[in-house]
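# Survey of secondary and tertiary structure
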Amino acid sequence: MDTKENILILAKKTILSESESIAKLIDFIDFNFTEATQIIFNSKGRLIVTGIGKSAIIAQKMVATFNSTGTPSLFLHASEAIHGDLGMLQTDDVVICISKSGNSPEIKVLVPLLKRFGNQLIAITGNITSFLAKESHYVLNTTVDSEACRNNLAPTNSTTAQLVMGDALAVCLMEMRNFTSEDFAKFHPGGALGKKLLLSVKDMLENSMKPMVAPDTSIKKVIFEISEKRLGVTAVIENERVIGIITDGDIRRMLNENDTFTHLTAKDIMTKNPKMIQSTTMVTDALNILEDFAITQLIVVDNGEYKGVLHLHDILKEGIV
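These remarks concern the structure in this document. This structure is a prediction, so every number in the text was calculated from the model and none was measured. (Residues numbered from 1 in each chain as written. Predicted model: local features only at pLDDT ≥ 70, side-chain atom pairs only at ≥ 80, totals over all residues. Heavy atoms only, no water.)

## Re the overall build of the chain
On a plain count of helices and strands, the chain comes out with 15 helices and 12 strands. Radius of gyration (C-alpha) of the chain: 30 Å, far over the 20 Å computed for a compact globule of 321 residues. Here the C-alpha coordinates of the chain stretch approximately 90 × 55 × 35 Å along the principal axes. Within the chain, the proportion of its 321 residues that are buried is 42%. In the chain, the proportion of contacts linking residues at least 24 apart, taken out of those at least 6 apart, comes to 63%. (Helix = DSSP H or I, 4+ residues; strand = E, 2+ residues; numbered from the N terminus. Rg over C-alpha atoms; globule rule 2.2 N^0.38 Å. Buried < 20%, exposed > 50% of the residue type's maximum accessible area, 1.4 Å probe, protein only. Contact = heavy atoms within 4.5 Å.)

## Section: unusual backbone geometry
Its identity is not glycine, yet Arg230 carries a phi of approximately 60 degrees, on the positive side. When its relative accessible area of 75% is taken as the criterion, Arg230 is described as exposed. In this structure, Glu240 is a non-glycine residue whose phi angle is positive, near 65 degrees. With respect to the secondary-structure elements, Glu240 resides in the loop between strand E7 (233-238) and strand E8 (241-247). Owing to a relative accessible area of 70%, Glu240 belongs among the exposed residues under this scheme.

## A word on the sheet that holds strand E6 (residues 212-213)
Pairing is mixed in the open sheet, where 4 strands are placed in the order E6-E7-E8-E9. Each of the sheet's edge strands pairs with one partner strand only, and the pair in question is E6 and strand E9 (271-272). Bridge analysis of E7 against E8 gives 6 bridges, and the strand direction is antiparallel. Within E8, the position partnered with Val233 by the bridge is Thr247. Strand contacts of helix H11 (residues 219-229): E6, E7 and E8, with the helix running at about 125 degrees to E7, the strand carrying the most contacts. Where helix H12 (residues 248-257) meets the sheet, its contacts fall on E8 and E9, and the angle it forms with E8 comes to roughly 65 degrees. (Pairing = 2+ DSSP bridges. Axes fitted to C-alpha atoms, helices over the stretch in contact; angles between N-to-C directions.)

## Thoughts on the sheet that holds strand E11 (residues 297-302)
Pairing within the open sheet is mixed, and its 3 strands lie in the order E10-E11-E12. On the outer flanks of this sheet lie strand E10 (276-277) and strand E12 (305-311), each paired with one strand and no other. Looking at chain direction, E10 and E11 are connected through 2 bridges and run parallel. Counterpart to Met276 in the pairing with E11 is Ile299. Most of the contacts of helix H14 (residues 283-292) go to E11, to which it runs at about 130 degrees, and overall it touches E10, E11 and E12.

## Points about the nonpolar core
Core analysis: the largest hydrophobic core is formed by 24 residues, its most contacted members being Ile40, Val49, Phe66, Ile96, Ile98, Ile122 and Leu140. Of all the secondary-structure elements, those providing two or more residues to this core are helix H2 (31-42), strand E1 (47-51), helix H3 (54-68), strand E3 (94-99), strand E4 (120-125), strand E5 (138-141) and helix H7 (157-176). Beyond its immediate stretch of four places on either side in the chain, Ile98 contacts Val49, Thr50, Gly51, Ile52, Ser55, Ile58, Ala59, Met62, Ile124 and Gln162. (Core = buried A, V, L, I, M, F, W, Y, C linked by side-chain atoms within 4.5 Å.)

## Description of the pairing of E11
In terms of burial, E11 is a largely internal element, 6 of the 6 residues being buried. Both faces of E11 are covered, namely the face carrying Gln297, Ile299 and Val301 and the face carrying Leu298, Val300 and Asp302. The parallel pair E10 and E11 is bridged by H14, and the resulting crossover is right-handed. Bridge count between E11 and E12: 6 bridges; the pairing is antiparallel. Counterpart to Val301 in the pairing with E12 is Tyr306. (Right-handed = clockwise from strand over helix to strand, strands pointing away.)

No statement about biological role is implied by the geometric values presented.
Here you go:
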């Protein structure tokens, strides 16, 4: 097992083994699954997900997925539950209990306590004849033929199957709730996806400079304005309206074409009718405009009033791209 070829073979064998186990789950999706999903959807309480060992880690991931997709959930560690954490359980909560064997000592202690509370209990287990399966209201079968490891011991195929079953539940619940990308963004405001869906141009301009010059401003002062505001651009304003834009590129072209620029003013080198957007524009839409026209700045105007400049670098700093 010390050769590169053998490592590659074993890695591919592991992936294939797990993928085959997942594929077989399709045959286990039945009315137990649909009824369990409807119970969760119609519940007025929360979804409590519990497990022990590696199944507890899978439970935590499920909780994270459920919470981020509109199903309020809590993780309950099976061993901690019998030492006080059962206090988190409320009357209308639905409980998912995850266990490969369904017969571990912790599960055998926990399940009767859960049933005493009267909550609906959903089992995710690889043993449909187990104590957990028999005592649960609904059973989601995650049986696998074997684990991926040679000794058939390390939880691999079984935990992957559990994870996929949880994802199937989450996706179905998302559809039933008509959960949109905008809803998802509300729960991920700090992430890249949340910013893509929630961040508007206005949010980017709160601390932004507003470079501006008059049409008759000298080129020297134009250069000074561009340099001072550090946006590589300035708007040209006449009667409180944007009539043009001057960029670093315009300055360079002017220097290449003229031996002296003392006779030139802003209106002589500005680009008329620059690309402009409103502050209510979503940043992702602004980014599309920048890319479509191969530019790095956009003038922001609301009802004719100049609000500032949106620069590509500011978007990049937000991690949206």
